[in-house]
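# Coordinates in review
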Amino acid sequence: MKPILDEYQLEEFENKIHVAMEFASPVKFTVWEDGFDREYTGMIHRLDPFTKAIYLELENEKGHIIKVKFEDLVAVEGNGVKK
C-alpha cells in the first residue's frame, strides 16, 4: 500500500526538487511503482507542470531519462538531506 503523504511532506518534496534544479545538484527519488518502492538517483532534466511529471536523467545511465509522476513520489533526497 502506497504511503499517504501530508501537505508538509509534499511541500518539502517540491522545495528539494526546485533547489536541485536551481543548483544543478543530484537528487534521489523513492518512487512507488507496481506496489514496490524503487530508488532512482540523477539530475532533474525538466519539469512538466501540466502533467506534474519530473524527467530525471539517471546517474548510472548517462543520457537515459525517465519520467516520474509527482504523485508517485514517496521520498526525495537532495543535498545530503533526507525527508
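Refer to the structure above for everything that follows.
Below, the structure is looked at part by part. Chains are numbered independently. Their residues run from 1 in the order of the written sequence. Restriction of local features to residues with pLDDT of at least 70 applies here, the model being predicted, together with a cutoff of 80 or more for giving and counting side-chain atom pairs; totals for whole chains, interfaces and linings are based on all residues. Computation of side-chain values covers all heavy atoms of the structure but excludes hydrogens and water.

### Thoughts on the pattern of salt bridges
Opposite charge on two side chains lets them pair, provided their charged atoms get close. For salt bridges, the criterion is a side-chain nitrogen of Lys or Arg within 4 Å of an Asp or Glu carboxyl oxygen. A complete count under the given rule lists three salt bridges for this structure. Of the charged contacts in the structure, one is a salt bridge between Lys28 and Glu39, with a shortest N-O distance of 3.2 Å. Here Lys28 is found in strand 1 (residues 27–33), whereas its partner Glu39 is found in strand 2 (residues 36–48), with 11 residues between them in sequence. Relative accessibility thresholds used throughout: buried, under 20% of the residue-type maximum; exposed, over 50%; partly exposed, between the two (1.4 Å probe, protein chains only). Under the relative-accessibility criterion, Lys28 is labelled partly exposed at 25%. Taken together, the shared-partner salt bridges connect Lys28, Glu39 and Glu77 into one network. Only DSSP runs of H or I with at least four residues qualify as helices, and only runs of E with at least two residues qualify as strands; both kinds are numbered from the N terminus onward.

### Concerning the packing of aromatic side chains
Ring geometry is summarised as follows: Phe, Tyr and Trp rings, the Trp one being its six-membered ring, pair when their centres sit within 6.5 Å, and such pairs are stacked at plane angles under 30 degrees, edge-to-face over 60 and tilted between the two. Within the structure shown, the criterion is met by zero aromatic pairs. Between Arg46 and the ring centre of Tyr55, over which it is positioned, the NZ or CZ distance is 4.1 Å. Only when the NZ atom of a Lys or the CZ atom of an Arg is both within 6 Å of the ring centre and within 35 degrees of the ring normal do we say a charge sits over the ring.

### Quick look at helix 1 (residues 7–22)
One fewer than the residue count of a helix, multiplied by 1.5 Å, yields its expected span. The first and last C-alpha atoms of helix 1 sit 22 Å apart over 16 residues, in line with the 22 Å expected at 1.5 Å per residue. Among all positions of helix 1, only Glu12, Phe13, Lys16, Ile17 and Ala20 are buried. Considered in projection along helix 1, the buried side chains sweep an arc of 135° and stay on one side of the axis. Within helix 1, the exposed residues directed more than 90 degrees away from the buried face are Glu7, Tyr8 and Glu22. The N-cap residue of helix 1 is Asp6: its side-chain oxygen and the backbone nitrogen of Tyr8 are 3.1 Å apart. The directions from the helix axis to the C-beta atoms are what the arc is built from. Two N or O atoms form a polar contact when they lie within 3.5 Å of each other; inside protein one atom must be a possible hydrogen donor and the other a possible acceptor, and for residues adjacent in sequence the pair counts only when both atoms belong to side chains.

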